[in-house]
Amino acid sequence: MFNVVFQHARLGMALVSLDGRYITVNDALGQMLGVPASELAGQAAEQFIHPDDLPVNSAEFSALRNGSQREFTAVQRYSPRTGGVLWLEVSVVAVTDERGQLACAVTQLRDVTAERAQAERLQALSDQLDVAVQATEDGVWDWPVGTPWVQVTERWQVLMGGDPQARRASLRWWWQRIHRADRPQVRSQLQAHLAGTRPNVDVVHRALLPDGHWRWLAFRGRIVKRSPEGRPVRMAGTLTDIEDRLQTQQDLQILLDHLPVMIGYWDAQQRNRFGNQRYVDWYAQPPAQLHGQQLRDVIGPDLYARNRPFIEKALQGEPQSFERRITTPDGRVLDTLLQYIPDRRGPDVRGFYVLGTDITAYRQTEQDLDAQRELSRITLEAIGDGVITTDADGRVTFMNPVAQRLTGWQEAEAVRQPIEQVMPLWNDQARRAVLNPIRVTLRERQVVRLSSNAALRSRLGGVAHIEDTAAPIFDRRGDLIGGVIVFHDVTEKQHLAERMSHLARHDHLTGLPNRTTLLDQLALTLEQAGPQQPAFAVLFVDLDEFKQVNDTLGHALGDEVLRQVAARLQLEMRSTDVVARQGGDEFLILLAEAVTAPEIQAIGERLLRTLRRPFDVGEHHVTVSASLGAALYPGDGTDADILIRRADAAMYRAKAEGRDRLRFYDAQLDAQVREQQVMMRALRTAVQAQAFHLVYQPQVNVRTGAVVGVEALLRWTLPDGSSVSPATFIPLAERMGVMLHLGTWVLREAARQAQAWRQAGAPTRVAVNVSAAQFQDPQFVAAVRAALADHLLPAELLELEVTETLLMHDVPRVRQVLQELKGLGVTLSLDDFGTGYSSLRYLQAFPIDTLKIDRSFLSSEHQGDQVILGAIVSLGRTLGLQVIAEGVETPAQERLLLALGCEWMQGFLYARPMTVDELDLWRGAWGQRRTRVSGP
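These notes cover the structure that comes with them. As the structure is a computational prediction, the values presented were derived from the model and not from experiment.

## With respect to the overall build of the chain
Item 1. A tally of helices and strands in the chain yields 37 helices and 40 strands.
Item 2. Taken across its 936 residues, the chain has 42% of its residues classed as buried.
Item 3. Here the analysis covers contacts within the chain between residues at least 6 apart in sequence; of these, 52% occur between residues at least 24 apart.
Item 4. Surface accessibility of the chain: about 49,800 Å² in total, with carbon and sulfur atoms responsible for 51%.

This is the structure we're talking about:
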C-alpha cells in the first residue's frame, strides 16, 4: 500500500539516505525537479536546493541524523533542471528499522510557488494602499454600521480638528463638529443611502476647528459590506478639504457673470443646473427660481418645439449651433446665436451647455454690407494700416494714404511698378534684403506673415519697422487675380518695448528707480569698493503717518503727494546719487560717492526741511514729515542687504524718538532689534497660552453718581510678574497679525464677565475696543453674535468702541457692518472723537450711539481746544448722542465738563483700571460716598 501511495501521490515524495542521497523518488517529484524519477536515485538531494537555503537544510538534516529531532518542516527554494526557482514546502520524517535504528528519511515536497507569489502580491497591494492613504490629501473613514465609533486616518483627524494620533472618533464628537445648518442635509443623505434610496453619500458641510474657524469639507462614502440578509454592515469613504475649490468656484462665478454671453447648463433630464447672471436676466428669474426647472417650462412650448431637434442631438453628443429671434421679458427683439455643447463624461452625455450670443448688431451689419461696399475705398484710405494691392504678377494696383506715406510713393507713380521697388524690405540683423510677402502669397496661394526684424526703406530715406500680413485675392471662380498686403508701423511698438523694460526697473507711480535697480547699483558700488574705499552710505526714508493722508484725501491724492515727494528728493540729491522707491511710502537713497557722517547729517537735514514744506494737492495743502535712517559702508556693513536693513533699523529709531529726524545706525540698535524679537516670541507664546487678562475702568454719571458702565482694557503680565504696556504689545500684535485672535478673546471674555455681573444682580454695560483687524474680518458680526449667544448676554449690556479711522475705509461696507451690529442690539461708541479726519456727516450716516471725547482735549490748556471741546459736547447733544469724556483726572476738568453739559466721565479721578475683585470692592465704596452734584 505504501508503494501505491508513494508512486501515485500528487505531492513530491522521496526516500533519502542518511548521507542525503535519494534512494527512490516518485514521478511527481521528478516532474518538479525536471529529471526522470529513475535517474534521481543515488543523486545528492542538496544539489537541487538553492544555495541560500542550504545552511538551514544541512543543520535540520544533521539534527535528524543525530537523533535530536524526528522530523522537520521548512519552505525552501529549489532549482529544477528546467530552469527557474520553485518554492517548496518540505516535510522530512525519520524512518527506523526493526531494531529502532535510524535507517532513512521520508521527504514530502509540495509546490507553494503560486501561493507565495499570491501572498507577495497581496502584501504589495496592502503596502500600496497604506502609501496611498498616507499620501492622499483626503481623510479616510470606516464605520461599522450601528456602532458609536468610526475608524479614521490621521488626515481625517487633521481636517476635522481632532487628535492626529487617534485612529478612531466617536460619532457624537463628529456630529457636534458639523455646522448646525449643514446637519439636516448630512443626516438626510446618510438615512437615504442606508435605506437604499440613494446610491451614495456626497455632501458638503462645515466643520468647527479648535481656533473657532469653520472649514468647508466634502463628505463622501457608501456601503461597502452587507450582511447575508442585505442589511448594511459597513460604510467607508473620504473627507476632502474644499476651501480652495469653493473659492475657485466663487471666482469662476464672478468671471462667468461678467462675460458678455449667456451661459447655462441643462442636465440629461433637461433640468436647469446653472446660469450666469446674463442668462438668468434673460429669463427674468433669479438663480434659485430658475435652478431645477424644466427647459420646456422656461422657454415656453412653442420655442421648445422649434429647438427640440437641436436639444435631442446635443443630448446624443452632437454639438449644435443655430440662430433664433427671441423676445426678451422687457420687449426687446434680439437675434441670438445659440450653441448647444454636449457635456461628455466618457461614453455618457450628462447634459449640455448653452451659449447664447447677441448677434443683433452683427445681422444688422450684414444687412448694411451692400451699402458699405460703396464706401470701401474711403475706408481703406482712412484706416491706420498701410494697404497695397497687386495683380497676379506682383505689380501695384492700389495704395492707401498710409502706404503712400510709409513708402514715400504716390499711388499714381506706384501703379504697375513691381512690389519690391515700391516696398523694399530689409532685415537689419541679417543685413540683407527680405523677400516681399506678396511674392510668397502669390506663389503659395495662402496667407503669409512678414518675418520679424523687417524694416521698410522709404523712397524718401526714412526707415520704419513694420509688421504685415499678405493674402491672395481670388475671383468668384476661385482664380487668383492678385494679392493684398496690410502693414503697419511698429517702430513705436519697439520703443514701447524699450519703455516696458524701463518700467520693469522703475517705479510706475513716481518714475524713480525701484528697489531692484537700487540693489543692482548698490551691488556694483560694493563690487568697485576696495579696502581703502572712502565711506558711502544708504539712507532709508519713511514718510510719517502717511496712512492718514490716504485715509483722509483718498489714494489718488495720496499718490500725487508721493510723486511730489519723489521729485523733491531728486532735486535735493547729487547727480551721482540714486533715489529709489522701496514701496508704499518708503524710499531708499544711495549716496554712492565718498561721504562723511557730517555731510550725511547735512544732507538729511536738507531733505527733512524740503519735505516739511506743504504739498499743494488739488485744493489741499498737505504737510508731511519723514523719518530717516543712515548706514555707512564699511563700518555698518559690507553687504547690500545688511546696509539696507541697518538703515531701516536706524529709521525706526528716528520714528521711536519722535519722527521728523535723521538717525545713524549703531550697534545698540541690534540689541533693540533682538529685544523686539524676544518680545515678539513672548507675545506669540502668550497668545497661544491666552496669558492675558482684562481690567475694567468705571464710567460714571458725575451728576447722579451712577455707574453707567465700564471699559474693558487688555493687560499682559509676564511670567516674572512684570507688566508689558499695551502701547508696546498692541502695535506688535498688529504687526504680527494676531490682533484678530486677541480681539476676539477680549470680546468673549468681556461678554462672559458682563453676564457674571448680571447673574450676580449687578448688570453693567461693558465697552470693548474693536481693532481694525476685527472690523475688517467678514466674520466679525457673526463673532459678536456668537459671544452674546454663548454667554446668554443681553445685547444692551455690550458696547463696541470704534475709531474714526475705521469709518473712512469702504464706507458702504462700514455702514452695512454697523447696521448689522445695531440690529443685534449692541451699543456703538465712536472712540477718540475729534482726533481723526472723518467728516462730521458720518455721525448722521452711521448708527452711532455715543461719542467719546479724547483725553487730549482735557489735558490741553489751549483756549481753542476748550472751544472744540464745547462744540463736540453741543454737537453730540444736538444729534441726540450720549457724550462721555475719558481721561478726567482733576476736579477742574470735571467742573469744566459739567459746565459744558457733559455728565458722563471716565478717568483716574474716579478709578484706575481694576480687576474684577477690585472693581466689586470699589463699587461698594463708591455707592457709600456718591453724592449728587448740583448743576452749574
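## Overview of helix α27 (residues 726–736)
Item 1. Taken together, the buried positions of α27 are occupied by Phe-729, Leu-732, Ala-733 and Met-736. Along the axis of α27, the buried positions cluster into a sector of 100 degrees, meaning they face one direction only. Facing away from the buried side of α27 by more than 90 degrees, the exposed set consists of Ala-727 and Arg-735.
Item 2. Structurally, the start of α27 carries an N-cap: the backbone nitrogen of Ala-727 is 3.1 Å from a side-chain oxygen of Ser-725.

## Thoughts on the layout of surface pockets
Item 1. The computed volume of the second largest pocket comes to approximately 1,300 Å³.
Item 2. Forming the boundary of the second largest pocket are 30 residues, of which Leu-208, Gly-212, His-213, Trp-214 and Ala-783 lie nearest the centre.
Item 3. A per-class count over the lining of the second largest pocket returns twelve nonpolar, nine polar and nine charged.

## Thoughts on the sheet that holds strand β6 (residues 139–144)
The strands that make up a sheet pair up through hydrogen bonds in the backbone, lying either parallel or antiparallel.
Item 1. The strand order across the open sheet built from six strands is β8-β7-β6-β11-β10-β9, with neighbouring strands paired in antiparallel fashion. The outermost strands of the open sheet, each flanked by one partner alone, are β8 (168–170) and β9 (201–208). Adjacent strand axes in the sheet meet at a mean angle of 30 degrees, parallel and antiparallel pairs treated alike.
Item 2. With three bridges connecting them, strand β7 (residues 149–152) and β8 associate as antiparallel partners.

## Here's the deal with the pattern of salt bridges
Item 1. Evaluation of the coordinates by the stated rule reveals 41 salt bridges.
Item 2. With its nearest N and O atoms 4.0 Å apart, the salt bridge here joins Asp-52 to Arg-77. On the criterion of sequence distance, the pair formed by Asp-52 in the loop between α3 (37–40) and α4 (54–65) and Arg-77 in strand β3 (residues 71–78) is long-range, its members being 25 residues apart.
Item 3. For Asp-52, a relative accessible area of 52% gives the class exposed.
Item 4. Of the charged contacts in the structure, one is a salt bridge between Arg-77 and Asp-53, with a shortest N-O distance of 3.1 Å. Taken together, the residues span a long stretch of sequence, with Arg-77 in strand β3 and Asp-53 in the loop between α3 and α4 at a distance of 24 residues.
Item 5. Of the residues examined, Asp-53 reaches a relative accessible area of 13% and is grouped as buried.

## Description of the sheet that holds strand β12 (residues 262–267)
Item 1. Here we have five strands laid out as an open sheet, ordered β13-β12-β16-β15-β14, and antiparallel in their pairing. The sheet is open, and its two borders are formed by β13 (272–275) and β14 (320–327), each paired with just one other strand. Averaged over all adjacent pairs, the angle separating strand axes in this sheet is 25 degrees, with direction ignored.
Item 2. Both strand β15 (residues 333–345) and strand β16 (residues 348–358) contribute to a ladder of nine bridges, which runs antiparallel. Across the sheet, the residue bridging to Leu-337 is Thr-357, located in β16.

## Notes on empty space enclosed by the protein
Item 1. A full pass over the atoms with the stated rule returns two cavities of 30 Å³ or more.
Item 2. In this structure, the largest cavity encloses a volume near 110 Å³.
Item 3. Together, 13 residues line the largest cavity, and Tyr-279, Tyr-283, Leu-338, Tyr-340 and Val-354 are the ones closest to its centre.
Item 4. Elements with a contribution of two residues or more to the lining of the largest cavity: β12, α10 (277–282), α12 (295–299), α13 (301–315) and β15.
Item 5. When the residues that make up the lining of the largest cavity are grouped by side-chain class, the tally is twelve nonpolar, one polar and no charged.
Item 6. Counted as a void, the second largest cavity has a volume near 40 Å³.
Item 7. Around the second largest cavity sit Val-687, Gln-690, Phe-692, His-741, Leu-742 and Trp-745, which together line it.
Item 8. The element that contributes the greatest number of residues to the lining of the second largest cavity is helix α28 (residues 739–759), accounting for three residues.
Item 9. Class assignment of the residues belonging to the lining of the second largest cavity gives a composition of four nonpolar, two polar and no charged.

## Here we look at the nonpolar core
One broad rule of soluble globular proteins: the nonpolar side chains tend to lie buried together.
Item 1. Core analysis: the biggest nonpolar cluster contains 77 residues, and Phe-692, Leu-800 and Leu-821 have the highest contact counts within it.
Item 2. For this core, the leading source of residues is α28, giving nine residues.
Item 3. The contacts of Leu-800, once residues within four sequence positions are left out, are Leu-747, Val-768, Val-770, Phe-780, Val-784, Leu-821, Val-826, Thr-827, Leu-828 and Ser-829.

## Details of the side chain of Ser-170
Item 1. With respect to the helices and strands, the residue Ser-170 is situated in strand β8.
Item 2. Side-chain polar atoms of Ser-170 contact the backbone nitrogen of Trp-173, separated by 3.0 Å.
Item 3. If sequence neighbours within four positions are ignored, Ser-170 has contacts with Pro-148 and Trp-149.

## A few points about unusual backbone geometry
Item 1. Each neighbour pair has its own omega, and for Tyr-633 with Pro-634 the value is 0 degrees, a cis peptide bond.
Item 2. On the secondary structure map, Pro-634 appears in the loop between β30 (626–633) and α25 (640–656).
Item 3. Look at Arg-416: it is not a glycine, yet its phi comes out positive at around 80 degrees.
Item 4. The phi dihedral of Asp-660 falls on the positive side, at around 55 degrees, and the residue is not glycine.
Item 5. Among the structural elements, Asp-660 can be located in the loop between α25 and β31 (661–664).
Item 6. Take Asp-660: its relative accessible area is 26%, and that puts it in the partly exposed class.

## Quick word on helix α19 (residues 437–444)
Item 1. Among all positions in α19, only Pro-437, Ile-438, Val-440, Thr-441 and Leu-442 are buried.
Item 2. In this structure, the buried residues of α19 make contact with β17 (386–391), α18 (419–422), β19 (425–427), β21 (448–449), β23 (463–474) and β24 (480–489).
Item 3. Of the residues trailing α19, Arg-445 is marked for its positive phi of about 55 degrees.

## So, the packing of aromatic side chains
Item 1. All told, the structure shown has 16 aromatic pairs when counted by the stated rule.
Item 2. Judged by centre distance (6.3 Å) and plane angle (50 degrees), the rings of Trp-156 and Trp-173 are tilted. Residue Trp-156 is found in helix α6 (residues 154–160), and its partner Trp-173 is found in helix α7 (residues 171–177); the two are separated by 17 residues along the sequence.
Item 3. Judged by centre distance (4.9 Å) and plane angle (45 degrees), the ring pair of Tyr-340 and Phe-352 falls under tilted. Of this pair, Tyr-340 sits in strand β15 while Phe-352 sits in strand β16, and the two are twelve residues apart along the sequence.
Item 4. Residue classification places Tyr-340 among the buried residues on the basis of a relative accessible area of 4%.

## Observations regarding the side chain of Gln-69
Item 1. Following the sequence through the fold, Gln-69 ends up in the loop between α4 and β3.
Item 2. In terms of polar contacts, Gln-69 uses its side chain to reach the side chain of Glu-60, at 2.8 Å.
Item 3. Beyond its immediate chain neighbours, meaning those up to four positions away, Gln-69 contacts Glu-60, Ala-63 and Leu-64.

## Re the pairing of strand β11 (residues 232–241)
Item 1. For β6 and β11, the ladder comprises six bridges, and the chain directions are antiparallel. Across the sheet, Trp-141 pairs through a bridge with Gly-237, a residue of β11.
Item 2. Sheet analysis places strand β10 (residues 214–226) next to β11, joined by nine bridges and oriented antiparallel. Paired with Arg-226 across the bridge in β11 is Pro-232.
Item 3. If you look at the hairpin formed by β10 and β11, you'll find five residues sitting between the two strands, and Gly-230 has a positive phi there, around 90 degrees.

## Side note on the packing of α28 against helix α30 (residues 780–790)
Item 1. Put simply, α28 and α30 touch, their axes get as near as 9 Å, and they point 30 degrees apart. As summarised for this structure, α28 and α30 are arranged roughly parallel, according to the angle between their axes. Read as a crossing pair, α28 and α30 show a hand that is right-handed. Note on element contacts: α30 touches α28 through Ala-783, Val-784, Ala-786, Ala-787 and Asp-790, opposite Leu-747, Arg-748 and Ala-751.
Item 2. For the contact of α28 with α30, the residue count by class is six nonpolar, no polar and two charged.

Rules and cut-offs
- Each residue is numbered by its place in its chain's sequence as written, counting from 1.
- Local features in a predicted model are, by the rule used here, given only for residues with pLDDT of at least 70; side-chain atom pairs are given and counted only at 80 or more, and totals for whole chains, interfaces and linings are based on all residues.
- Just so you know, side-chain values use all the structure's heavy atoms and leave hydrogens and water out.
- Secondary structure is summarised from DSSP: a helix means a run of H or I of at least four residues, a strand means a run of E of at least two, and numbering begins at the N terminus for each.
- Partly exposed describes any residue whose relative accessible area lies between the buried limit of under 20% and the exposed limit of over 50%, with all areas from a 1.4 Å probe on protein chains only and scaled to the type maximum.
- The contact criterion used is simple: two residues touch if any of their non-hydrogen atoms lie within 4.5 Å.
- Per-residue accessibility takes into account occlusion by the displayed protein chains alone, with areas from the Shrake-Rupley method and a 1.4 Å probe.
- Directions pointing from the helix axis toward each C-beta atom define the arc.
- Here a polar contact is recorded for every N or O atom pair within 3.5 Å, except that within protein the pair must consist of a potential hydrogen donor and a potential acceptor, and residues adjacent in sequence are included only if both atoms are side-chain atoms.
- The rule is simple: put a 1 Å grid over the protein atoms alone, call a set of points where a 1.4 Å probe fits but cannot get out a cavity, call an open set with protein on both sides within 12 Å along at least five of seven lines a pocket, and count a residue as lining if it has an atom within 4 Å of a point.
- Grid points are joined across faces, edges and corners, and a volume is the space filled by probe spheres set on the points.
- Three classes are used, and their members are as follows: Ala, Val, Leu, Ile, Met, Phe, Trp, Tyr, Cys and Pro are nonpolar, Asp, Glu, Lys and Arg are charged, and the others, Gly among them, are polar.
- Strand pairing is assigned whenever DSSP detects at least two bridges linking the two strands.
- Between N-to-C directions, angles span 0 to 180 degrees; the directions come from axes that are lines fitted to C-alpha atoms, helices contributing only their stretch in contact.
- We define a salt bridge as a side-chain nitrogen of Lys or Arg found within 4 Å of a carboxyl oxygen belonging to Asp or Glu.
- Joining through side-chain atoms within 4.5 Å is the link that ties buried Ala, Val, Leu, Ile, Met, Phe, Trp, Tyr and Cys residues into a set, and such a set is a nonpolar core.
- Pairing of aromatic rings covers Phe, Tyr and the six-membered ring of Trp, with a centre-to-centre limit of 6.5 Å; geometry is then stacked below 30 degrees between planes, edge-to-face above 60, and tilted otherwise.
- For this classification, under 35 degrees means roughly parallel, over 145 means roughly antiparallel, 65 to 115 means roughly perpendicular, and everything else is oblique.
- In this scheme the handedness of a crossing depends on how the near helix is turned from the far one: anticlockwise by less than a right angle means left-handed, clockwise means right-handed.

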